[in-house]
Amino acid sequence: MKLKLLFIFLFSISIAFAQKREVKAADKNYDQFAYIDAIKVYENIAGKGYKSTDLFQKLGNAYYFNGELAKAEKWYTALFDLKETVPTEYYYRYAQSLKAIGDYKKADAILDQFSLKSGQDSRAQLYNKQKDYLEVIKKNSGRYIVENAGINSEYSDYGTSFLGNQLVFTSARDTMGFVKRRDKWTNQSFTNLYAAIIDDNGHLSTPKRFSEVITTHVNESTPVFTKDGKTMYFTRNNFLDGKNQKSKEKMILLKIYRAVLKDNKWTNVVELPFNSNEYSVAHPALSPDEKTFYFVSNMPETKGDSDIFKVSINADGSFGTPENLGDKINTEGKETFPFISEANELYFASNGHPGLGGLDIFVSPLEKNNTYQRVFNIGAPVNSNNDDFAFWINSQSKHGFFSTNREGTLGYDDIFKLKEKLPLTYNCDQELVGIITDDVAGMPLANVQVQLFDSKFNLLKEVYSNDNGAYTHEVVCEENYYVRVLQKDYETKEVNVTTSQIKGKTQQDFALSKKVKTITTGDDLAKVFGISNIHFELNKSNINPIAEHDLAKIIAVMNEYPTMKVDIRSHTDSRASIAYNQKLSEKRAQATMKYLIKKGIDKSRLTAKGYGESQLINSCNDGVSCTEEQHLANRRSEFIINMGK
């Protein structure tokens, strides 16, 4: 029996060591971004009952970063079921994976937790701002007819561009020789460029290799061509003149290259000057006038996993300095695959803006100030709960293409055709309106300057209030503004306003305080300085920090007017008994007086009395149902002035 137990013990140890060796081997594959190889080992280990935070994180990530979000969901669920602390980013990945299986209710619950843990993250802010994102997407949906393009293989096909009557795209289909080289990240062949002829009826011919000159033993993808067809830009792994270039971390990253057409052959392949061995640059796009070049990168100053940048193309063909498109477009997530339509609309894919799951396609129209400020999800059926990206459309014919890995595709990624039936309505106009009044007299104030600023405090415009104190600013929907009001006799006031998501009006009133306040015997200093109540903790009468801040105003005025006397009056609401409220108000009135004396106000200048619930200013008496706001109005402090001699 002892020998049998010893055998079982040793066998268990051998299994544990074997598992550790397997984990170590899988970790090596994972760290080298060989996610497919890592998955096999990790799942084998998990299938034997091995559980750990690290294991489930890596399994989830291995599928997540390969765009297989439904499979990632299984392992992220296992991760969260462990009830252990995980990095905040995993809440976002888990939510995206839940969307991929259609569980939007749970996804939103996880996003709520993500927002609490990462409130400054722009993805959290966008989600909090657009919690009705599914309804918004629904309104934008149904505008396209989509169908499989019919040129897809059982491998990955994506990223379309046009050169004359040729559709040029990226594919992992392997048509080269007997030696099949594989990309460890995807376990597919390295991608090359293919082309299909498109006829007058929109039918595509059998794809053929685009250019043997461009083709190498590494990945080529996502080309874009100038209108004259003589220059192309494309993405490739960091490989030129027969040599791979690696980063300090021994990674072969992505770069954008330029080639020119000479004697019907693509030649003179050179890398662009803003490439680097230390970060990736990919997915080129051109503005309609071909003066601005767009691309994707994780270069320094990138906000998220990848951002969209632009750079000017000078008359001599040189480039300016790359510029990040900013936080209206880029998030802490992934923004990628830009395309600029002839109408100067920026289409791009993102998993950071609120979407249906994975990468969704968004559009942002070029604004009058030559920037992209508003972002719209283009809706289903182009977008799905998986990755949808690489959008392209002809602005005249309304025909186009996009790429997706949705359920039912032939391969890993497929190219789909699209036809736009209805345009997206961008012009959601708003009016920011309000009334400006004197905060004491309540009278409207005319000729008050009302300045409007954008979210970065750039002055947009200014207007003046009319004789009725009213003002109006023309603004756009779902935008963040700052409004500042100025009048020489009043204190300047500024507020942050976010306009509504639908066409209409957003109301923002202002009650201004005079810079010089007229006070006389019988006035209430609490009303003069907007002190509604001296705050005490529940059932207590000691002065807290909030109350100290308000009482500092009373002290400053009494120091300025040494003959002023003040009668301190404390009131409660009607809840609790009459005796209890009377006693509590007395304690609070006396505590307030003692505090003022402690701060240097002579006792002879002060009186204090508690009135309990005897002087209610509304009908909220015992037995009357009132709101909390109505009860709050009765819980007030008064500082009645006697100017004395």
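Residues numbered from 1 in each chain as written. Predicted model: local features only at pLDDT ≥ 70, side-chain atom pairs only at ≥ 80, totals over all residues. Heavy atoms only, no water.

**Student:** For the packing of helix α5 (residues 89–100) against helix α6 (residues 104–117), give the residues involved together with the corresponding values.
**Tutor:** Contact geometry of α5 with α6 gives a least axis separation of 8 Å together with a crossing angle of 165°. Classified by the angle their axes make, α5 and α6 are roughly antiparallel. For the crossing formed where α5 meets α6, the hand is left-handed. On α6, the residues touching Tyr91, Tyr92, Tyr94, Ala95, Leu98 and Lys99 of α5 are Tyr104, Lys106, Ala107, Ile110, Leu111, Gln113, Phe114 and Lys117. (Axes fitted to C-alpha atoms, helices over the stretch in contact; angles between N-to-C directions. Helix = DSSP H or I, 4+ residues; strand = E, 2+ residues; numbered from the N terminus. Parallel < 35°, antiparallel > 145°, perpendicular 65-115°, else oblique. Left-handed = near helix turned anticlockwise from the far one by under 90°. Contact = heavy atoms within 4.5 Å.)

**Student:** Lay out the nonpolar core with the relevant residues and their values.
**Tutor:** The nonpolar side chains of soluble globular proteins are, as a tendency, buried together. Among the nonpolar cores identified, the biggest contains 35 residues, and Leu55, Phe56, Trp75, Tyr76, Leu79 and Phe80 are the most heavily contacted of them. Of all the elements in the fold, those that place two or more residues in this core are α2 (35–47), α3 (53–64), α4 (69–81), α5, α6, α7 (122–129) and α8 (133–140). In this structure, phenylalanine 56 is in contact with Ala46, Tyr50, Lys51, Trp75, Ala78, Leu79 and Leu82, ignoring residues within four places of it in sequence. (Core = buried A, V, L, I, M, F, W, Y, C linked by side-chain atoms within 4.5 Å. Buried < 20%, exposed > 50% of the residue type's maximum accessible area, 1.4 Å probe, protein only.)

**Student:** Mind laying out the pairing of strand β3 (residues 166–171), listing which residues take part and the relevant values?
**Tutor:** For β3, the tally of buried residues reaches 5 of 6 residues, placing the bulk of the element in the interior. Taken together, the 5 bridges between strand β2 (residues 157–163) and β3 define a ladder with antiparallel strand orientation. Note that in β3 the partner of serine 161 across the bridge is valine 168. Where β2 folds back on β3, the antiparallel hairpin that results is connected by 2 residues, among which glycine 164 adopts a positive phi of roughly 65°. As paired elements, β3 and strand β6 (residues 192–197) share 6 bridges and run antiparallel to each other. Within β6, the residue paired with phenylalanine 169 across the bridge is tyrosine 194. (Pairing = 2+ DSSP bridges.)

**Student:** Kindly report on the side chain of threonine 572, identifying the contributing residues and their values.
**Tutor:** When you line up the elements, threonine 572 lands in the loop between β33 (565–571) and α11 (578–598). Under the relative-accessibility criterion, threonine 572 is labelled buried at 7%. A polar atom in the side chain of threonine 572 sits 3.5 Å from the backbone nitrogen of glutamate 613. Not counting residues within four places of it along the chain, the set of residues in contact with threonine 572 comprises Asn581, Ser585, Gly612, Glu613, Leu616, Asn634 and Arg635. (Polar contact = N/O pair within 3.5 Å; in protein donor to acceptor, adjacent residues only side chain to side chain.)

**Student:** So what's going on with the sheet that holds strand β16 (residues 307–312)? Which residues, and what values?
**Tutor:** Each strand in a sheet pairs with its neighbour through backbone hydrogen bonds, running either in the same direction (parallel) or in the opposite one (antiparallel). In spatial order, the strands read β14-β15-β16-β17; together these 4 strands make up an open sheet with antiparallel pairing. With partners counted over all chains shown, the strands left at the sheet margins are β14 (281–286) and β17 (323–324), one partner each.

**Student:** Can you lay out the packing of aromatic side chains for me, pointing to particular residues and giving the numbers?
**Tutor:** Per the stated rule, a full pass over the model turns up 35 aromatic pairs. With centroids separated by 4.9 Å and ring planes inclined at 85°, the aromatic side chains of phenylalanine 80 and tyrosine 91 adopt a geometry described as edge-to-face. Placement of phenylalanine 80 in helix α4 and of tyrosine 91 in helix α5 is noted, with a sequence separation of 11 residues between them. We note that phenylalanine 80, like tyrosine 91, is buried. (Phe/Tyr/Trp six-rings, centres within 6.5 Å; stacked < 30°, edge-to-face > 60°.)

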